[in-house]
Amino acid sequence: PAHPHRGFETVSYMLAGKMRHKDSAGNEGVIEAGGVQWMTAGSGIIHSEMPEQENGLLAGFQLWVNLPAAHKMTEPKYQENNASEIPVSVLNDGTEIKVIAGKTRDGVEGIINNDFVTPTYWDVQQVANSTFVESIEAGHNGFIYVFEGDVKVGQKETEVVTGELVVFGAGDEIRIQANSASRYLVIAGRPLNEPIARGGPFVMNTREEINQAFSDYQNGRLVSV
């Protein structure tokens, strides 16, 4: 049901089922399987997200992406795209990369515009017994989350199985070997190196800003689109 956010972005990516959303300004829509919504809460938004199963299935991810201090009070906005609008890079071995954000070596560029942390957000379906090598911008923090199959990551061939997340070390290239047909998220972004203060649905830089967000919400002053 309806709840507030301020100071960061939510990324909702559906694998199965639907997520129906609306906000206090009358915006409304449905994120369907394979679709993504990148919502910039910014100065404040009040919205609801209600799940709807399809054939008994509901699955997906929600990632929170911090905003830099200078843009925490930016105007709220949505970027929403269905599965057919998300670019796909198909490699010679059959591996597929859904490029939600970022850019692959072969020039396929994601659908999301974000200059705050210039993120990478890929859904990779890798064929068995193959090696996936891609570039990640130097200096960015990143991780891989495997939700199907099992892989080996990096020169040390660290094994990562379904349900595990591994944070990348320093560098500008990732190397992933698939032991079986595997599917995983590759996510990276520019670190902000700023203080983080979190209180429930708000992410700011100081406790005072968190208290102000609660006060604004409780007194009807939270900005919504």
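Here goes a summary of the coordinates provided. Note that the coordinates shown come from a computational prediction; the quantities given were computed from them, not determined experimentally. Chains are numbered independently. Their residues run from 1 in the order of the written sequence. Residues qualify for local features only when their pLDDT is at least 70, as the model is predicted, and side-chain atom pairs are given and counted only at 80 or more; totals for whole chains, interfaces and linings, by contrast, use all residues. Water and hydrogen atoms play no part in the side-chain values, which are based on all heavy atoms of the structure.

Quick word on the overall build of the protein
- Secondary structure elements follow DSSP: runs of H or I of four or more residues count as helices, runs of E of two or more count as strands, with numbering from the N terminus. Per the secondary structure count, the protein includes one helix and 20 strands.
- Oriented by its inertia axes, the alpha-carbon framework of the protein measures out at about 55 × 40 × 30 Å.
- Using a 1.4 Å probe on the protein chains alone, a residue whose accessible area is under 20% of its type maximum counts as buried, one over 50% counts as exposed, and one in between counts as partly exposed. Residues counted as buried form 45% of the 225 residues belonging to the protein.
- Considering only residue pairs separated by 6 or more positions, the protein has 69% of its internal contacts joining residues 24 or more positions apart. Contacts are assigned to residue pairs that have any heavy atoms within 4.5 Å of one another.

Remarks on helix α1 (residues 207–218)
- Relative to the 16 Å expected for 12 residues at 1.5 Å per residue, α1 spans 17 Å between its end C-alpha atoms, a close match to the ideal helical length.
- Those residues of α1 not exposed but buried are Ile210, Ala213 and Asp216. Along the axis of α1, the buried residues cluster in a sector spanning 125°; they form a single face. Every exposed residue of α1 that faces more than 90 degrees away from the buried side is listed here: Glu208 and Gln218. Each residue after the first adds 1.5 Å to the expected span of a helix. Each C-beta atom gives one direction from the helix axis, and the arc is the one those directions make.

Observations concerning the pattern of salt bridges
- Here, a salt bridge means any side-chain nitrogen of Lys or Arg that lies within 4 Å of a carboxyl oxygen of Asp or Glu. Going through the model one piece at a time under the given rule, you end up with six salt bridges.
- Across the pair Glu173 and Arg105 runs a salt bridge, and its minimum N-O distance is 2.4 Å. With a gap of 68 residues between them, Glu173 in strand β17 (residues 173–178) and Arg105 in the loop between β10 (96–101) and β11 (120–126) connect regions that are remote in the sequence.
- Residue Arg105 is classed as partly exposed on the basis of its relative accessible area of 46%.

So, the sheet that holds strand β15 (residues 158–161)
- Taking strand neighbours across the sheet as the criterion, the four strands line up as β12-β17-β14-β15 in an open arrangement whose pairing is antiparallel. For this open sheet the edge positions go to β12 (130–135) and β15, each flanked by a neighbour on one side alone. With direction set aside, neighbouring strand axes in the sheet form an average angle of 25°.
- Taken together, the six bridges between β12 and β17 define a ladder with antiparallel strand orientation. Paired strands, in this sense, are two strands between which DSSP finds at least two bridges. Axis lines are fitted to C-alpha atoms, over the contacting stretch for helices. Their N-to-C directions set the angle, which ranges from 0 to 180 degrees.

Regarding the pairing of β11
- Counted residue by residue, β11 has six buried out of seven residues, so it is predominantly covered.
- Pairing of β10 with β11 involves five bridges; the strand directions are antiparallel. Looking at the pairing, Glu96 lines up with Gln125 of β11.
- Note: β11 against strand β18 (residues 182–189), seven bridges, orientation antiparallel. In the sheet register, Val124 faces β18, and the bridge partner there is Tyr184.

Digging into the side chain of His21
- By secondary structure assignment, the location of His21 is in strand β3 (residues 18–23).
- Pairing of N or O atoms within 3.5 Å defines a polar contact, subject to two protein rules: one partner must be a possible hydrogen donor and the other a possible acceptor, and residues neighboring in sequence count only if both atoms are side-chain atoms. Here Gln37 takes part through its side chain, which lies 3.1 Å from a polar atom of the side chain of His21.
- Those residues in contact with His21 that sit more than four places away from it in its chain are Asn27, Glu28, Gly29, Val30, Ile31, Gln37, Ser48, Tyr78 and Glu80.

Topic: the nonpolar core
- Note on terminology: a nonpolar core comprises buried Ala, Val, Leu, Ile, Met, Phe, Trp, Tyr and Cys residues joined through side-chain atoms within 4.5 Å. In terms of nonpolar packing, the biggest core is built from 19 residues, with Trp122, Val151 and Tyr184 touching the most fellow members.
- Counting residues in hydrophobic clusters, the runner-up holds 18 residues, among them Tyr13, Trp38, Val65 and Ile187.

Looking at unusual backbone geometry
- With phi around 40°, Thr118 is a residue other than glycine that occupies positive phi space.
- In this structure, Thr118 sits in the loop between β10 and β11.
- Thr118 gets classed as partly exposed once you look at its relative accessible area, which sits at 35%.
- For Asn193, which is not glycine, the phi torsion reads 55° and is therefore positive.

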